[in-house]
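Descriptive structure summary
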2 protein chains.
Amino acid sequence: MSPADTEPRQDGTARGRPRSEAVERAIIEGVMKLLEDGVPLAELSIERIARTAGVGKATIYRRWSGKEELFVDVMRAAEPPDPQLPGTSMRDDLVVLLEALRRRGLAGRTSAILHNVHAQMKSSPNLWAAYHDTVILPRRRLGLDVLRRGRENGELRADVDLELLNDIVVGPVLVRTLMRPDADLPDDLAERVVDTLLQGLRPVNG
Amino acid sequence: MSPADTEPRQDGTARGRPRSEAVERAIIEGVMKLLEDGVPLAELSIERIARTAGVGKATIYRRWSGKEELFVDVMRAAEPPDPQLPGTSMRDDLVVLLEALRRRGLAGRTSAILHNVHAQMKSSPNLWAAYHDTVILPRRRLGLDVLRRGRENGELRADVDLELLNDIVVGPVLVRTLMRPDADLPDDLAERVVDTLLQGLRPVNG
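Thresholds, definitions, all that
Residues numbered from 1 in each chain as written. Chains lettered and ligands numbered in written order. Predicted model: local features only at pLDDT ≥ 70, side-chain atom pairs only at ≥ 80, totals over all residues. Heavy atoms only, no water. Phe/Tyr/Trp six-rings, centres within 6.5 Å; stacked < 30°, edge-to-face > 60°. Helix = DSSP H or I, 4+ residues; strand = E, 2+ residues; numbered from the N terminus. Buried < 20%, exposed > 50% of the residue type's maximum accessible area, 1.4 Å probe, protein only. Expected span 1.5 Å × (residues − 1). Contact = heavy atoms within 4.5 Å. Buried area = accessible area lost by both parts, 1.4 Å probe. Salt bridge = Lys/Arg side-chain N within 4 Å of Asp/Glu carboxyl O. Polar contact = N/O pair within 3.5 Å; in protein donor to acceptor, adjacent residues only side chain to side chain. Axes fitted to C-alpha atoms, helices over the stretch in contact; angles between N-to-C directions. Parallel < 35°, antiparallel > 145°, perpendicular 65-115°, else oblique. Left-handed = near helix turned anticlockwise from the far one by under 90°. Least-squares fit on C-alpha atoms with pLDDT ≥ 70 in both. UniProt positions renumbered as here; feature names shortened; annotations may be inferred. Core = buried A, V, L, I, M, F, W, Y, C linked by side-chain atoms within 4.5 Å. Lys, Arg positive; Asp, Glu negative; His and termini not counted. pLDDT = per-residue confidence, 0-100.

Going by an unreviewed UniProt entry, chain A carries the name TetR family transcriptional regulator and comes from Streptomyces capillispiralis.

In structure tokens:
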């Protein structure tokens, strides 16, 4: 058992004995392995997951209400952590956020979980909604906070809709990572997107 | 049989007798009905499709090499046609292109084919590649042509990467339509995106 087992959970609460954390991780890693091996989400039963993780079904049901709740935890565990923002300017923070998204996209090209399972999940409205609330929404909030600070410190025009602007900022990187698996994700993509958006598309003397 | 049956195919070639077009459409509409009824793509056999369309399996195999080729034609038939561009300015053409994408997104919220099947397709690399080549790529080319004309007539800065700019333009609308099923798609979304991009994000006196 590693020292991490005795640390509190990410949400700040401590649940059960340390041993329980190790079991939880074994179950989540068991599901990850099955998914990476190409087992479709729809074919993953609690029974199969229990067998893979070497635990009883009751052990799983004590922690998760069912497959969907477990899958959301698996997806969350597969996602890279949110980046640390430098806080030096809105421009720099946006570049760091987009760079994290670009790296997430690169990882998604080689990870069955981040690619196929992501796509399968969209067919299940409940699962997608849970994923949205636990993974996508916190990321969106991070972006909105950066834009809000930019508007307050004068880096950003005061008349733009921050929600729309957030979609404008992340849109091109998401299009390239999620919709066009063969699209170029060059090292300087984040910087180029942010600087193009800041400058605008009109000719300088236009 | 409607007069449209005797018209040449969209790709400009005429194939078979008019009757053959009607059969083709009956098969495609049969698949659409099954998909709209919620039958998963993976469960659609040529046999079931033939039964639904009231034709023999051989009739289907004479027209398509298999399920995947047929599905791509079904997806293409489900997609709205590309919009007519006004050609008055790059700005106006971009607004019309984005407005078509917004409407496609609204349609996708009530169409099982444009939503669920789209998601299922992404799990099949071959199918996704074929869909990409026949539906997404021509749309991208249309957008790139508009941007190229804008660069030539001075509406657009000369130093931007058109491929990247295309993703910047369509990104926010695709994020709202494909990734956030509950996101707002207001009537003026296309105009707001294009005008925000043209103007840039910096304060006017910044």
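Some thoughts on the packing of aromatic side chains
Residue and element names in this part refer to chain B. Using the criterion set out here, one finds two aromatic pairs over all chains in the structure. Arranged with centres 5.5 Å apart and planes meeting at 40°, the rings of Trp128 and Tyr131 form a pair that is tilted. Taken together, the residues span about one helical turn, with Trp128 and Tyr131 both in helix H7 (residues 125–152) at a distance of three residues. For Tyr131, a relative accessible area of 1% puts it in the buried group.

Describing helix H5 (residues 90–108) of chain B
Between its first and last C-alpha, H5(B) extends 27 Å over 19 residues, near the 27 Å set by a 1.5 Å rise per residue. Within the span of H5(B), buried status applies to Met90(B), Asp93(B), Leu94(B), Val95(B), Leu97(B), Leu98(B), Glu99(B), Leu101(B), Arg102(B), Arg104(B), Gly105(B) and Gly108(B).

Side note on the interface of chain B and chain A
The interface is formed by 42 residues belonging to chain B together with 42 residues belonging to chain A. Counting the surface lost from both chain B and chain A, the interface buries some 4,200 Å², and carbon and sulfur atoms represent 62% of this. Among the residues chain B hides against chain A, the three largest losses belong to Arg157(B), Met179(B) and Leu201(B). Together they make up 19% of the total. In this structure, the connection of chain B to chain A is made through four salt bridges. In this structure, Asp161(B) and Arg192(A) form a salt bridge, with 2.5 Å as the shortest nitrogen-oxygen distance. The tally of links between chain B and chain A comes to 16 residue pairs in polar contact (both at pLDDT 80 or more). At 12 residues, helix H8 (residues 162–179) of chain B tops the list of elements feeding residues into the side of chain B that touches chain A.

Quick notes on the packing of helix H5 (residues 90–108) of chain A against helix H9 (residues 189–199) of chain A
Residues and elements named next belong to chain A. Interhelical geometry of H5 versus H9 gives an angle of 135° and a closest axis separation of 8 Å. Between H5 and H9, the crossing angle belongs to the class labelled oblique. Judged by the twist between their axes, the crossing of H5 over H9 is right-handed. Seen from H5, the contacting residues are Met90, Arg91, Leu94, Val95, Leu98, Glu99 and Arg102; seen from H9, they are Leu189, Ala190, Glu191, Val193, Val194, Asp195 and Leu198.

Here we look at the relation of the copies chain B and chain A
Once chain B is rotated about the relating axis by 180° and shifted along it by 0.0 Å, it coincides with chain A to within an RMSD of 0.0 Å. Seen this way, the second copy is the image of the first under a two-fold rotation axis. Of the interface residues in chain B, 100% have counterparts in chain A that sit at the interface too, so the contact is made through matching surfaces.

Some details on the pattern of salt bridges
One pass over the full model with this rule turns up 38 salt bridges over all chains. When the shortest N-O distance is used, the salt bridge between Asp188(A) and Arg192(A) registers 3.6 Å. Judged by its relative accessible area of 27%, Arg192(A) is partly exposed. Asp167(B) is the salt-bridge partner of Arg140(B), the closest N and O atoms lying 2.7 Å from each other. In this pair, Arg140(B) is assigned in helix H7 and Asp167(B) in helix H8, connecting sequence segments 27 residues apart.

Re H9(A)
Burial in H9(A) covers these residues: Leu189(A), Ala190(A), Val193(A), Val194(A), Thr196(A), Leu197(A) and Leu198(A). Elements in contact with the buried residues of H9(A): H5 and helix H8 (162–179) of chain A together with H8 and helix H9 (189–199) of chain B. The positive-phi residue at the C-terminal boundary of H9(A) is Gly200(A), with phi of around 85°.

Topic: the UniProt feature "DNA-binding region" (unreviewed entry) in chain A
When the UniProt feature table is mapped onto this chain numbering, "DNA-binding region" (unreviewed entry) sits at residues 45–64 of chain A. Across residues 45–64 of chain A, helical content stands at 75% and strand content at 0%; the span's end C-alpha atoms are separated by 13 Å.

Considering the environment of Thr177(B)
All names here are of chain B. By the secondary structure assignment, Thr177 is in helix H8. In this structure the C-alpha to C-alpha distance between Thr177 and Ala107, which are 70 residues apart in sequence, comes to 9.6 Å. Excluding its chain neighbours within four sequence positions, the residues that come into contact with Thr177 are Leu101, Gly105 and Leu185.

Points about the nonpolar core
Core analysis: the biggest nonpolar cluster contains 118 residues, and Ile49(A), Leu70(A), Leu98(A), Ile49(B), Leu70(B) and Leu98(B) have the highest contact counts within it. Those residues in contact with Ile49(A), other than ones at most four positions away along the chain, are Ile27(A), Val31(A), Leu34(A), Leu44(A), Ile60(A), Leu70(A) and Phe71(A).

Some thoughts on the side chain of Arg63(B)
Residue and element names in this part refer to chain B. Among the structural elements, Arg63 can be located in helix H3 (residues 57–63). Buried within the structure, Arg63 lacks any salt-bridge partner; Glu24 is the closest side chain of opposite charge, at an N-O distance of 4.0 Å. At 3.4 Å, the side chain of Arg63 and the side chain of Ser20 are in polar contact.

Focus on the confidence of the model for chain A
All names here are of chain A. Predicted confidence across chain A gives a mean pLDDT of 85, with 89% of residues reaching 70 or more. Put simply, helix H6 (residues 112–121) is where chain A has its lowest mean pLDDT, 73, and H9 is where it has its highest, 97. Note on residues 1–9: pLDDT under 50 across the span, and 12 contacts to partners over four residues away in sequence or across chains. Confidence over residues 11–18 falls short of pLDDT 50; this stretch has nine contacts with residues more than four positions distant or in other chains.

A closer look at the environment of Leu164(A)
Note that Leu164(A) resides in helix H8. On a C-alpha basis, the gap between Leu164(A) and Leu144(A) in space is 9.8 Å, while along the polypeptide they are 20 residues apart. Among residues more than four places away in sequence, those in contact with Leu164(A) are Arg176(B), Leu189(B), Arg192(B) and Val193(B).

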